[in-house]
Amino acid sequence: MRTVIQIVLFIVAIVLTYFIYQSIQRPIAFEKAKDARYEETVAKLKDIRKAQLAYKDIYGQFTGSWDTLISFVSTDSVRNVRAIGELTDSMIEAKITEKKAIEMGLIIRDTVKVGVIDALYGGSYDANSLRYVPVPGEPTEFHLGATIITTGSGIKVPVFEAKAHNNVILRGLDEQLIINLNDQRRTNEKYPGLRVGSLAETNNNAGNWE
């Protein structure tokens with residue numbers, strides 16, 4: 001009888017140890033997976049911001065259309081100043097300005113057009129991937145928007161926003177821990193996900209991870 005009780009107690013101890021281990025490892029594994037997905041999503045949001053800023057430099061406003069933004073990155077071009085040479089100490093001593101050095105052919109400064117995709121991403125880049133949240137599963141687009149905000153002093157400021165909810169970024173992970181994370185963000189009056197820019201305020205196109 002004592003042996004049976006000992007075996008039962010041993011099994012109970014093993015089960016309790018397992019559940020304690022799981023209760024410790026569960027949030028650790030979730031945080032590790034969350035951090036990895038957040039890192040990839042932030043990188044993509046930074047790429048979107050690059051494209052939007054370049055678009056605004058040319059067209060004076062942001063765009064809320066993925067088709068427009070992707071077409072811009074794929075087919076448009078930006079001005080790039082080619083710089084060859086610089087003022088040397090001897091030129092400065094001879095009172096030769098940069099303008100004069102350019103006229104004399106000692107240094108070169110000219111403006112050339114470069115493809116947006118080359119200028120922003122080095123050329124080897126899938127522009128269409130900008131629209132998708134980089135997580136496993138069915139392709140899901142970032143929410144993209146653009147508008148113009150009028151400040152209290154009457155200044156009109158173009159703004160844009162690109163964002164993805166935690167339910168998308170973290171899908172497939174522990175559902176209860178996702179719910180807990182979202183509740184925590186809402187309690188702190190923060191967006192439950194990752195976002196760059198804002199349609200509600202002028203935040204200098206910052207990301208909410210910054």
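This text gives an overview of the structure that appears in the document. (Residues numbered from 1 in each chain as written. Predicted model: local features only at pLDDT ≥ 70, side-chain atom pairs only at ≥ 80, totals over all residues. Heavy atoms only, no water.)

## A look at the packing of aromatic side chains
Item 1. For the coordinates displayed, the defined rule picks out 5 aromatic pairs.
Item 2. A ring pair is formed by tyrosine 55 and phenylalanine 72, whose centres lie 5.3 Å apart and whose planes are at 85°; its orientation type is edge-to-face. Taken together, the positions of tyrosine 55 in helix 1 (residues 2-59) and phenylalanine 72 in helix 2 (residues 66-75) put the pair 17 residues apart, joining distant regions of the chain.
Item 3. Residue classification places tyrosine 55 among the buried residues on the basis of a relative accessible area of 11%.
Item 4. Look at phenylalanine 72 and you get buried, because its relative accessible area is 3%. (Phe/Tyr/Trp six-rings, centres within 6.5 Å; stacked < 30°, edge-to-face > 60°. Helix = DSSP H or I, 4+ residues; strand = E, 2+ residues; numbered from the N terminus. Buried < 20%, exposed > 50% of the residue type's maximum accessible area, 1.4 Å probe, protein only.)

## Let's talk about the pairing of strand 3 (residues 143-150)
Successive side chains on a regular strand alternate, one facing one side of the sheet and the next facing the other.
Item 1. Of the pairings in the sheet, the one linking strand 3 to strand 4 (residues 156-165) comprises 8 bridges and is antiparallel in character. Along strand 4, the bridge assignment pairs alanine 146 with phenylalanine 160. (Pairing = 2+ DSSP bridges.)

## Observations concerning the environment of serine 129
Item 1. Mapped onto the secondary structure, serine 129 falls in the loop between helix 5 (116-121) and strand 3.
Item 2. Relative accessible area serves as the criterion here: at 19%, serine 129 is assigned to the buried category.
Item 3. Spatially, the C-alpha atoms of serine 129 and isoleucine 48 are 10.0 Å apart, while their sequence positions differ by 81 residues.
Item 4. Among the polar contacts listed, one links the side chain of serine 129 to the side chain of lysine 44, at a separation of 3.1 Å. (Polar contact = N/O pair within 3.5 Å; in protein donor to acceptor, adjacent residues only side chain to side chain.)

By themselves, these observations are geometric and do not establish any function.
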